[in-house]
Amino acid sequence: MLTRIDHIGIACSNLDATVEFYRATYGFEVFHTEVNEEQGVREAMLKINGTSDGGASYLQLLEPTREDSAVGKWLAKNGEGVHHIAFGTADVDGDAEAIRGKGVRVLYDEPRIGSMGSRITFLHPKDCHGVLTELVTSAEPPADHSSAEH
Ligand code: MC0
């Protein structure tokens, strides 16, 4: 069952400048930064609020690490802006399977590793009224809330 908005993914061309905009304009601070080479992104997570199911809601600022990544291609075509929405669930495997059974394309056979050790999968935007949609089962956040690379 999808229980919360885990994050909104925002594509940007300059991560540091975008982080500074969110800090100076709204007062949002960076909770975690990470490079995910499989996904081709350098990202900053800005925590907006915590929830009682052990998860939280974030803004996820995404700068591509290579032009042929999903975010790199999307940025070249559309410019900066909202790239995807992610729903939180305690059971990404079960929910992905149930949604696949409804005829929506699930992009991965098995969930992959996402931000902060989470397990993620994506639904094709063409099957979701134009919205790239991610499902996330969060892991415990890293103790130091700092940075990681994988
Ligand atoms: C592409 N399209 C989108 C879109 N990306 N529509 C809405 N939102 C998006 N973000 C549309 C294009 O405009 C195009 O429509 C059609 O989908 C095919 O796009 P394409 O440019 O030809 O690109 P494809 O087909 O090679 O790839 C699209 C696809 C890909 C969604 C399959 O981006 C993908 O696999 N995304 C999932 C992974 C991802 O996005 N990773 C980055 C975030 P037209 O009408 O022109 O045909 S990683 C992340 O977020 C992790 C770190 C985390 O949360 O923890």
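Residues numbered from 1 in each chain as written. Predicted model: local features only at pLDDT ≥ 70, side-chain atom pairs only at ≥ 80, totals over all residues. Heavy atoms only, no water.

Q: Hey, could you run me through helix α1 (residues 15–26) in this one?
A: Structural remark: α-helix, 3.6 residues per turn; residues separated by three or four positions point the same way. For α1, built from twelve residues, the straight-helix expectation of 16 Å at 1.5 Å per residue is met to within 8% by its first-to-last C-alpha distance of 16 Å. For α1, the set of buried residues is L15, T18, V19 and Y22. When α1 is viewed along its axis, its buried side chains cluster within an angular range of 105° and face the same direction. Facing away from the buried side of α1, by more than 90 degrees, are the exposed residues D16 and A24. The elements touched by buried residues of α1 are β1 (2–11), β2 (30–36), β3 (41–50) and β4 (56–64). G27 occupies a position one or two residues after α1 and carries a positive phi of about 85°. (Helix = DSSP H or I, 4+ residues; strand = E, 2+ residues; numbered from the N terminus. Expected span 1.5 Å × (residues − 1). Buried < 20%, exposed > 50% of the residue type's maximum accessible area, 1.4 Å probe, protein only. Arc of directions from axis to C-beta. Contact = heavy atoms within 4.5 Å.)

Q: In this structure, what is going on with the pattern of salt bridges? I would like to understand it.
A: Opposite charge on two side chains permits pairing when their charged atoms draw close. The final tally for this structure, using the stated rule, is ten salt bridges. Through salt bridges that share partners, D16, R42 and E63 make up one connected network. (Salt bridge = Lys/Arg side-chain N within 4 Å of Asp/Glu carboxyl O.)

Q: Would you take a moment to explain the site of the ligand for this structure?
A: Near the ligand, the surroundings consist of 23 residues, among which K73, K77, S115, K126 and E134 are the closest. Between the ligand and W74, the relevant distance is 3.4 Å, taken from a nitrogen atom to a side-chain nitrogen or oxygen of the residue. Contact between the ligand and H83: a nitrogen atom at 2.9 Å from a main-chain N or O atom of the residue. Burial of the ligand by the protein amounts to 71% of the accessible area it has alone, namely 1,100 Å². Elements supplying a minimum of two residues to the shell around the ligand: α2 (70–78), β5 (81–89) and β7 (119–123). Among the elements that line the shell around the ligand, the one with the most residues is α2, at five residues. (Near = heavy atom within 4 Å. Polar contact = N/O pair within 3.5 Å; in protein donor to acceptor, adjacent residues only side chain to side chain. Areas by Shrake-Rupley, 256 points an atom, 1.4 Å probe, with all protein chains shown as cover.)

Q: Would you take a moment to explain the nonpolar core for this structure?
A: Nonpolar side chains tend to gather and get buried jointly when the protein is soluble and globular. By size, the foremost hydrophobic cluster in this structure holds nine residues: I10, C12, L15, V19, Y22, A44, L46, L59 and L61. Among the secondary structure elements, those contributing two or more residues to this core are α1, β3 and β4. When residues in this core are grouped by element, the largest group, three residues, is from α1. Beyond its immediate sequence surroundings of up to four residues, L46 is in contact with Y22, F28, E29, V30, F31, S57, Y58, L59 and L61. Counting residues in each nonpolar core, the second largest holds eight residues, with V92, V104, V106 and C128 among its members. (Core = buried A, V, L, I, M, F, W, Y, C linked by side-chain atoms within 4.5 Å.)

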